[in-house]
Amino acid sequence: MKTVSVKEMQELDRMAIEEKGVPSIALMENAGRAVSETALSELKDIKDKKVAVFCGGGNNGGDGFVAARHLFNKGVKVNVYLISKRADLKNDSEINARLLEDVGVGICEISRPFSVDSDLIIDAMFGIGLKGEVKKPAKDIIIDLNKKSIPVISVDVPSGLDADTGKALGVSIKADVTVTMQFPKKGFYKNKGPEYVGKIIVADIGI
């Protein structure tokens, strides 16, 4: 299967949006829906199931907001945690945060690890654009989540994994499933990449 580098994936995104006229918010909607569908297949019987969605302040977090909305609309009990400031969200991520709140799901800002009562965790903290080592409080939160015996689905790439090299940027989520957008990333098959990504599901988001 074809793999892409971070630079190649970012260029594909740019071409789809700027040259082909695909709205960026449509790509985010497709990505989040794909993640929600994977979560539903993993949960199987969704009645009385709980999902915790950990979101960052960028587009990866926006995908998480979309996934949370679709899960909520399917009757799943969803808790959404933001490692950034709600007031700092911009563009498509801010729109999807507002849409999520409009259907009745609150977004809780967090700055430290805590006890998670959930049947599944969705990791939407950092995407392929992460540069440099993961800093606190995200670092502590990732370390804590890795200690829990709760299955994790990562959005596009496990948070903290360098999608080119397959090395952890200090720390990385160890996912059970990674729902990656359009193409697998080269780092999934290098170094520690296979240990972090788990099962890879490739989602066609319309690029």
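All residue numbers refer to positions counted from 1 along the written sequence of the respective chain. Note on the predicted model: pLDDT of at least 70 is required for a residue's local features to be given, and 80 or more for side-chain atom pairs to be given and counted; whole-chain, interface and lining totals, by contrast, use all residues. Note that water and hydrogens are dropped before the side-chain values are worked out from all heavy atoms of the structure.

### Observations regarding the confidence of the model for the chain
Formally: As a per-residue measure, pLDDT reflects the predictor's confidence and takes values from 0 up to 100. Helix numbering and strand numbering both begin at the N terminus, where a helix is a DSSP run of H or I of at least 4 residues and a strand a DSSP run of E of at least 2.
Scored by pLDDT, the chain comes out at a mean of 95, with 100% of its residues at no less than 70. When mean pLDDT is compared element by element in the chain, strand S5 (residues 152-155) scores highest at 98, while helix H1 (residues 6-19) scores lowest at 93.

### Some points on the packing of helix H3 (residues 59-73) against helix H4 (residues 91-102)
Selection criterion: Comment: axis = line fitted to C-alpha atoms, over the contacting stretch for helices; angle = value between 0 and 180 degrees taken between N-to-C directions. The labels follow the angle: roughly parallel below 35 degrees, roughly antiparallel above 145, roughly perpendicular from 65 to 115, and oblique for the rest. Should the near helix be turned counterclockwise from the far one by less than a right angle, the crossing is left-handed, whereas a clockwise turn marks it as right-handed. Residues count as neighbours in contact if any of their non-hydrogen atoms are within 4.5 Å of one another.
Interhelical geometry of H3 versus H4 gives an angle of 25 degrees and a closest axis separation of 8 Å. Classified by the angle between their axes, H3 and H4 sit roughly parallel to one another. The way H3 lies across H4 gives a crossing that is left-handed. Two secondary-structure elements touch here, H3 through Asn59, Gly62, Phe65, Val66, Ala68 and Arg69 and H4 through Ser93, Asn96, Ala97, Leu99 and Leu100.

### Considerations on the nonpolar core
What counts, and what does not: The nonpolar core is taken to be a set of buried Ala, Val, Leu, Ile, Met, Phe, Trp, Tyr and Cys residues, with the residues joined through side-chain atoms within 4.5 Å. Working definition: with a 1.4 Å probe on protein chains only, accessible area under 20% of the residue-type maximum means buried, over 50% means exposed, and in between means partly exposed.
Within the largest apolar cluster, 32 residues are counted, with the highest numbers of intra-cluster contacts made by Phe65, Val80 and Ile122. For this core, the elements supplying multiple residues, two or more each, are helix H2 (24-43), strand S1 (50-55), H3, strand S2 (77-82), H4, strand S4 (120-124), S5 and strand S6 (177-181). Here this core gets 6 residues from one element, more than from any other, and that element is H2. Excluding anything up to four places from it in sequence, valine 80 contacts Val53, Cys55, Phe65, Ala68, Leu100, Val105, Gly106, Ile107 and Cys108. Membership of the second largest hydrophobic core comes to 18 residues, among which are Val116, Ile142, Ile150 and Ile173.

### Quick notes on the environment of aspartate 144
Our working definition: Whenever two N or O atoms come within 3.5 Å, that pair is a polar contact, provided that in protein one can donate a hydrogen and the other can accept it, and provided that, for residues adjacent in sequence, both atoms are side-chain atoms.
Along the chain, the position of aspartate 144 falls in helix H5 (residues 138-147). Separated by 59 residues in sequence, aspartate 144 and alanine 203 place their C-alpha atoms 28 Å apart. In contact with aspartate 144, other than residues within four places in its own chain, are Pro113 and Phe114. Side chain to side chain, aspartate 144 and lysine 148 meet in a polar contact 3.1 Å long.

### Brief notes about the environment of glutamate 101
In this fold, glutamate 101 is placed in helix H4. Judged by relative accessible area, which is 32%, glutamate 101 ranks as partly exposed. Once residues lying within four places of it in the same chain are set aside, the contact partners of glutamate 101 are Arg86 and Ile107.

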